[in-house]
Amino acid sequence: MNLHSTVGGPGLAQQRHLVTEIPGPVSRELLERRQRSVARGLSHVLPIFVTAAGGGVLIDADGNSLIDFGSGIAVTSVGNSAELVVSRVTEQVAHFTHTCFMVVPYEGYVEVCEELNRVTPGTYDKRSALFNSGAEAVENAVKIARHATGRQAVVVFDHAYHGRTNLTMAMTAKNMPYKDGFGPFAGEVYRAPMAYPFRWPGGPAACAAEALDVVTGLIHAQVGESRVAAVVIEPVQGEGGFIVPPDGFLPGLAEYCREHGIVFIADEIQSGFCRTGDWFACDHEGVVPDLVTTAKGIAGGLPLAGVTGRAEIMDAVHAGGLGGTYGGNPVACAAALGAIETMSKEDLPAAARRIGDIMLPRLRKLAQQYPVIGDVRGRGAMIAIELVKPGTIEPDAAATARVAKACHAAGLIVLTCGTFGNVLRFLPPLVISEELLNEGLGVLEEAFAAL
Ligand SMILES: *Cc1c(COP(=O)(O)O)cnc(C)c1O
């Protein structure tokens, strides 16, 4: 197969350049092989096969260069094959690839935990534990909270996404495609309404206070405060629609948890690591969670996840109670150290804010032009638009899919999300150039013009 053998990384030509239709003939051939060999339950957003990526572009097997507004779902925030990730991983892989931290420990794991304890919100004494995936981190955070409190109930929110394992499916809100037919689900999971300003019945101004009343009232009436081990929330919801709670909601919730001895867990798997313009989305209002789950952006694309939090909660678990064969793999740890160093050195929180400053005004202008855009929201480089039937809040998933498809055909990778499938979300790598960012927005504007 005549695959283009371009080397990825930041040196890759930063341009949108299509040489075939999308997908081209080489990708189409690979798609056929995929259909014969890969389980149908795994879907894809774009029908192209990647051969290299870096900065803000992705090269496919036909030699097309596409602009990346997805970052592999908020993972490659430092860019694909970022220099410090490549050098650290290459060095580590030549030394040793695995011992299992529970058999023979290594410094890289400890260093990542030190970094996590340093960069996550809160200045109290912290401990961390490393895992393979976001879902595994969420599961472990719940295990730890239950062990530390001796309580069982877990409170989650409408539109929440916490993963696809059995416990995290129970915690995830949306049925299709995440839960349908996969039950029975884990017990002792209770769902509360989310402070969703665009859809709050009493309007955005009343949302924070009213939502807090509803959530705390529901816990009191249906669960009982003293039975709740943890409240788990994404400080900016991801898969559920990039829902940004109004100011006051998260601090109020954290305060409520403190009053009742409930472990407040921030699932920062999507919103963390500079994505929203702060190191963590909680930083925006100075919210200090008891436990934080991290994954996605943590390691420049290598699989790694973490739970970080108050030492007395983390250390409540007996020795041997946490772990896993691969959790905190040395190569993934090396990648994380390279990624975190890149975030600090290149001030990626500032880069994320700059991206938001460029995107939001252009998207707001677009919303004035096209009433199908009901809401523009997000922070930093975690930005979305919600599509509705003009003049209503009725979701328009069909228009959302059409716009996404037009973008893909024109060489712009965009993702959709939302409980109703009507949100276009933008997660460019934080190292994307301004030129590419603006060009990508131009492609989006053309897609709306053609709608
Ligand atoms: C992606 C995601 C998860 C699950 O992470 P995986 O690595 O896919 O298991 C959990 N929580 C949030 C907020 C996520 O965005």
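What counts, and where the lines are drawn
- Residues numbered from 1 in each chain as written.
- Predicted model: local features only at pLDDT ≥ 70, side-chain atom pairs only at ≥ 80, totals over all residues.
- Heavy atoms only, no water.
- Pairing = 2+ DSSP bridges.
- Helix = DSSP H or I, 4+ residues; strand = E, 2+ residues; numbered from the N terminus.
- Buried < 20%, exposed > 50% of the residue type's maximum accessible area, 1.4 Å probe, protein only.
- Near = heavy atom within 4 Å.
- Polar contact = N/O pair within 3.5 Å; in protein donor to acceptor, adjacent residues only side chain to side chain.
- Areas by Shrake-Rupley, 256 points an atom, 1.4 Å probe, with all protein chains shown as cover.
- Nonpolar A, V, L, I, M, F, W, Y, C, P; charged D, E, K, R; others polar.
- Axes fitted to C-alpha atoms, helices over the stretch in contact; angles between N-to-C directions.
- Parallel < 35°, antiparallel > 145°, perpendicular 65-115°, else oblique.
- Left-handed = near helix turned anticlockwise from the far one by under 90°.
- Contact = heavy atoms within 4.5 Å.
- Salt bridge = Lys/Arg side-chain N within 4 Å of Asp/Glu carboxyl O.
- Right-handed = clockwise from strand over helix to strand, strands pointing away.
- Domains from an automatic or database assignment.
- Buried area = accessible area lost by both parts, 1.4 Å probe.

A. View of the pairing of strand β3 (residues 65–68). The pairing of strand β2 (residues 57–60) with β3 spans three bridges and is classified as antiparallel. Bridge pairing in β3 links Val57 to Ile67. In textbook terms, the turn of a hairpin is the stretch between consecutive antiparallel strands, and for β2 and β3 this stretch comprises four residues, one of which, Gly63, has a positive phi near 90°. Examined bridge by bridge, β3 and strand β13 (residues 412–413) share two bridges and lie parallel to one another. Residue pairing across strands places Asp68 opposite Ile413, the latter belonging to β13.

B. Highlighting unusual backbone geometry. Looking along the chain, the bond that leaves Met176 and enters Pro177 is cis, with omega of 5°. The omega angle of the peptide bond from Gly183 to Pro184 is 5°, so this bond is cis rather than trans. As for its placement among the helices and strands, Pro184 is situated in the loop between α6 (166–171) and β6 (189–192). The backbone of Ser81 shows a phi angle near 50°, a positive value even though the residue is not glycine. Mapping Ser81 onto the fold places it in the loop between α2 (71–74) and α3 (83–95). Although it is not a glycine, His159 adopts a positive phi angle of roughly 70°. Tracing the backbone shows His159 in the loop between β5 (153–157) and α6. Looking at His159, the relative accessible area reads 12%, which means it is buried.

C. The arrangement of the site of the ligand in detail. Neighbouring the ligand are Ser133, Gly134, Ala135, Tyr161, His162, Glu234, Asp267, Ile269, Gln270 and Lys296. In the model, a nitrogen atom of the ligand is placed 3.3 Å from a nitrogen or oxygen of the Tyr161 main chain. Between the ligand and Lys296 there is a distance of 2.6 Å, counted from an oxygen atom to a side-chain nitrogen or oxygen. Isolated, the ligand exposes 380 Å² of accessible area, and the fraction of that covered by the protein chains is 82%. A per-class count over the shell around the ligand returns three nonpolar, four polar and three charged.

D. Main features of the packing of helix α11 (residues 348–369) against helix α13 (residues 434–449). Where α11 contacts α13, the two axes come as close as 11 Å, and the packing angle between them is 20°. Taken together, α11 and α13 sit at an angle that is classed as roughly parallel. As for how α11 packs across α13, the hand of that crossing is right-handed. Taken together, the residues of α13 that come into contact with α11 (itself represented by Arg354, Ile355, Ile358, Met359, Arg362, Leu363 and Leu366) are Glu434, Leu437, Asn438, Leu441, Gly442, Leu444, Glu445 and Phe448. Of the residues contributing to the contact of α11 with α13, the split by class is nine nonpolar, two polar and four charged.

E. Spatial organisation of the pattern of salt bridges. The tally for this structure, following the rule as stated, stands at 17 salt bridges. Note that Glu341 and Arg88 form a salt bridge whose closest N and O atoms lie 2.7 Å from each other. Here Glu341 is found in helix α10 (residues 330–345), whereas its partner Arg88 is found in helix α3, with 253 residues between them in sequence. One salt-bridge network, in which partners are shared between bridges, spans Arg199, Asp375, Arg377 and Glu386.

F. Summary view of the pairing of β6. Relative to β6, β5 runs parallel, the two sharing four bridges. Residue pairing across strands places Val154 opposite Val189, the latter belonging to β6. Following the chain from β5 across α6 to the adjacent parallel β6, one finds a crossover that is right-handed.

G. Just the domain arrangement of the protein chain, in detail. When its domains are assigned, the protein chain resolves into domain 1 (25–81 + 347–450) and domain 2 (83–345). Computed over C-alpha atoms, the centres of domain 1 and domain 2 are 25 Å apart. The interface is formed by 40 residues belonging to domain 1 together with 37 residues belonging to domain 2. Here domain 1 meets domain 2 over a buried area of about 3,100 Å², counting both sides, of which 60% is carbon and sulfur. The largest per-residue losses of area from domain 1 upon contact with domain 2 belong to Val78, Arg379 and Met382, which jointly make up 26% of the total buried on that side. At the surface where domain 1 touches domain 2, the tally comes to two salt bridges. The partner of Arg199 in a salt bridge is Glu386, and the shortest N-O contact between them spans 2.6 Å. For the pair domain 1 and domain 2, the number of links is 22 residue pairs in polar contact (both at pLDDT 80 or more). Where the side of domain 1 that touches domain 2 is concerned, the elements lending two or more residues are α2, α11, β11 (373–379), β12 (382–387) and β15 (423–426). Ranked by the residues each element gives to the side of domain 1 that touches domain 2, the list is headed by β11, at five residues. Residue composition of the side of domain 1 that touches domain 2, grouped by class: 22 nonpolar, eleven polar and seven charged.

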